[in-house]
Amino acid sequence: MTRQTSRPRLPSQARREGREGTRPPEAGPGEVEIALTVNGTRRTVRVEPRVSLLDALRERLGVTGPKKGCDQGACGACTVLVEGRRVLGCLTLAITCEGRPVTTVEGLADGDRLHPVQEAFIANDAFQCGYCTPGQLMSAVALLEEGRAGDDAEIAEWMSGNICRCAAYPNIRAAVRQVRDARAEGEGGR
Amino acid sequence: MRPFSYTRVSDPATAVEEVASDPDSAFLAGGTTEVDLIRIGVARPRRVVDINALPVSRIEEAPDGGVRLGGLARMSDVAAHPVVRERYPVLARALESGASPQLRNMATMGGNMMQRVRCSYFRDGDAACNKRAPGSGCAAIGGVNRGHAVLGTSEHCIAVHPSDAAVALTALEAVVRLRGPDGERSVPVGDFFLPPGDTPEREHPVEHGELITAIDVPPVPAARTSVYLKVRDRESYEFALASAAVVLRVQDGAVAEARIGLGGVATTPWRAHRAEEALVGAPAEGASYELAAVREMREAVPRSMNAYKVELAERTMVRALRTAAARAEGVG
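Residues numbered from 1 in each chain as written. Chains lettered and ligands numbered in written order. Predicted model: local features only at pLDDT ≥ 70, side-chain atom pairs only at ≥ 80, totals over all residues. Heavy atoms only, no water.

Observations regarding the interface of chain B and chain A
Of the residues lining the interface, 41 residues belong to chain B; the matching set on chain A comes to 43 residues. Between chain B and chain A, a total of about 3,300 Å² is buried, with carbon and sulfur atoms accounting for 48% of that surface. The largest per-residue losses of area from chain B upon contact with chain A belong to Y6, R8 and Q102 of chain B, which jointly make up 21% of the total buried on that side. Here chain B and chain A share 7 salt bridges between them. Among the ionic pairs, R85 of chain A bridges to D77 of chain B, the shortest N-O distance being 3.1 Å. Applying the counting criterion to the chain B and chain A interface returns 23 residue pairs in polar contact (both at pLDDT 80 or more). Elements represented by at least two residues in the side of chain B that touches chain A include exactly β1 (5-8), α1 (12-20), α2 (34-39), β3 (47-50), α3 (75-80) and α6 (101-106) of chain B. Take the side of chain B that touches chain A: its biggest share by element is 6 residues, from α6 of chain B. Tallied by class, residues from the side of chain B that touches chain A come to 12 nonpolar, 13 polar and 16 charged. (Contact = heavy atoms within 4.5 Å. Buried area = accessible area lost by both parts, 1.4 Å probe. Salt bridge = Lys/Arg side-chain N within 4 Å of Asp/Glu carboxyl O. Polar contact = N/O pair within 3.5 Å; in protein donor to acceptor, adjacent residues only side chain to side chain. Helix = DSSP H or I, 4+ residues; strand = E, 2+ residues; numbered from the N terminus. Nonpolar A, V, L, I, M, F, W, Y, C, P; charged D, E, K, R; others polar.)

In structure tokens, the structure reads:
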């Protein structure tokens, strides 16, 4: 994916005029139009600089997969991928994500075909209420890419940023194991 | 959440200029502390200056056998770096035992050094807190202080320093490189964290607008068998109640070199000098470790709810020393 380097379109000018003309522009504190690439689609949205990526997705773009649990970086329900890395949407400012592709749980499936991690969550009953599940899925997808699914202890440690109030942890680990083993088998069969 | 404005910069000189020239501007790196504190009203910048595009995120081997960690290097990338893992397992382990994978993907090394305390009275905008509102008092001293510090405290603040990585960097005697309006300078980690004393609001000898461009970790051959041990209420994703970073070299059955950092028990990443002095030359055995640990904690000042931390820190130190000695002998 190409990395967009253009600056946000800034309605406000640098505060202190009259200084050297090369100062970088200042956006906000009012709304600014920014462009986000979410699940492969480029979308423009007007947000204040203080708006989190989570709120921009949920409240402005209608992408409600990422959930707001604690809004302070403690629960992991808002986990999304930015440039392929799992991060917390609640502690990320939307304006910092210009030109950095964002993937949410909505971007995992291929049309009607669920992602293997989603299939495994269903097969292993890896949730009860489901509120944390979008974040769990994003972390599980990332964890498998990171190669941190060696054994149950490792899975538990590297999934620890995703809290499940229903305590579906054993089944979440089972789902991760299943995908891990299926992938290993696939590779072995080459 | 208070509104603020936003400026993106792409070179260190501009970043420093933009923040140094405006007392109400703040750097924004990973945001894991800054965005959180702005949201709860404890940090109140007029504007954030986004420094994530600055070219100071590399992790480089230094010619002298050390490593240079860019100020914007992410915790996860530093922890995963093969050179860091081989030469400084204490640092890799400390990093991986902090926060969560998501937070470590976001948080930077420079930000880790500048992170604020997790004291609930600091985070609660109404409570007395000399760190947040100088002169208002310290609600923790007579309050819920189970998690607070027993070393390096003052009558004005007992908040514990939350970093794991900085504890390892203290034992490794790393050096923080700063860039400010007047140029560059270096501050040894041992001088980088200020005990609260009479001015708990001042946590670092860093001027407004000074930027952490790198952290230099010097060559420490004995660190290849170094250990980081963290004890906490939960097995994962929790701050330390006590932690120990240990670099130990054993020669002919005696301790030849010892460097110990303590976390979770002090107001700064704590260098256990007294324990180190007791260890060097002593037999590399449990009795020496216990004596050294007791000696370090002798000056602890427990409060109503955290007296347990004295013994916990001693035991954490002893166990980390035993583990480090076993590793060192395994290599030797």
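Quick look at helix α5 (residues 89-96) of chain B
Of all 8 residues making up α5 of chain B, 7 are buried, and the element is well covered by its neighbours. Regarding α5 of chain B, the residues found buried are P89, V90, L91, A92, A94, L95 and E96 of chain B. (Buried < 20%, exposed > 50% of the residue type's maximum accessible area, 1.4 Å probe, protein only.)

Remarks on the sheet that holds strand β9 (residues 227-231) of chain B
Sheet strands associate in pairs through backbone hydrogen bonding, adopting either a parallel or an antiparallel arrangement. Residue and element names in this part refer to chain B. One open sheet accounts for 4 strands, arranged β9-β10-β11-β12; its pairing is antiparallel. At either end of the open sheet lies a strand with only one pairing partner, and these are β9 and β12 (270-271). Contacting β9 and β10 (242-251), α5 runs over the sheet at an angle of about 25° to β9. Of the strands in this sheet, β10, β11 (254-263) and β12 are in contact with helix α12 (residues 286-297), which crosses β11 at around 40°. (Pairing = 2+ DSSP bridges. Axes fitted to C-alpha atoms, helices over the stretch in contact; angles between N-to-C directions.)

Remarks on unusual backbone geometry
Along the chain, G28 of chain A connects to P29 of chain A via a cis peptide bond; the corresponding omega equals 10°. Following the sequence through the fold, P29 of chain A ends up in the segment before β1 (32-38). One non-glycine residue, A99 of chain B, lies in positive phi territory at about 55°. Position of A99 of chain B relative to the elements: it lies in the loop between α5 and α6. Notably, E173 of chain B is not glycine yet its phi reads approximately 55°, a positive angle. Counting through the fold element by element, E173 of chain B comes out in the loop between α9 (165-171) and β6 (175-180).

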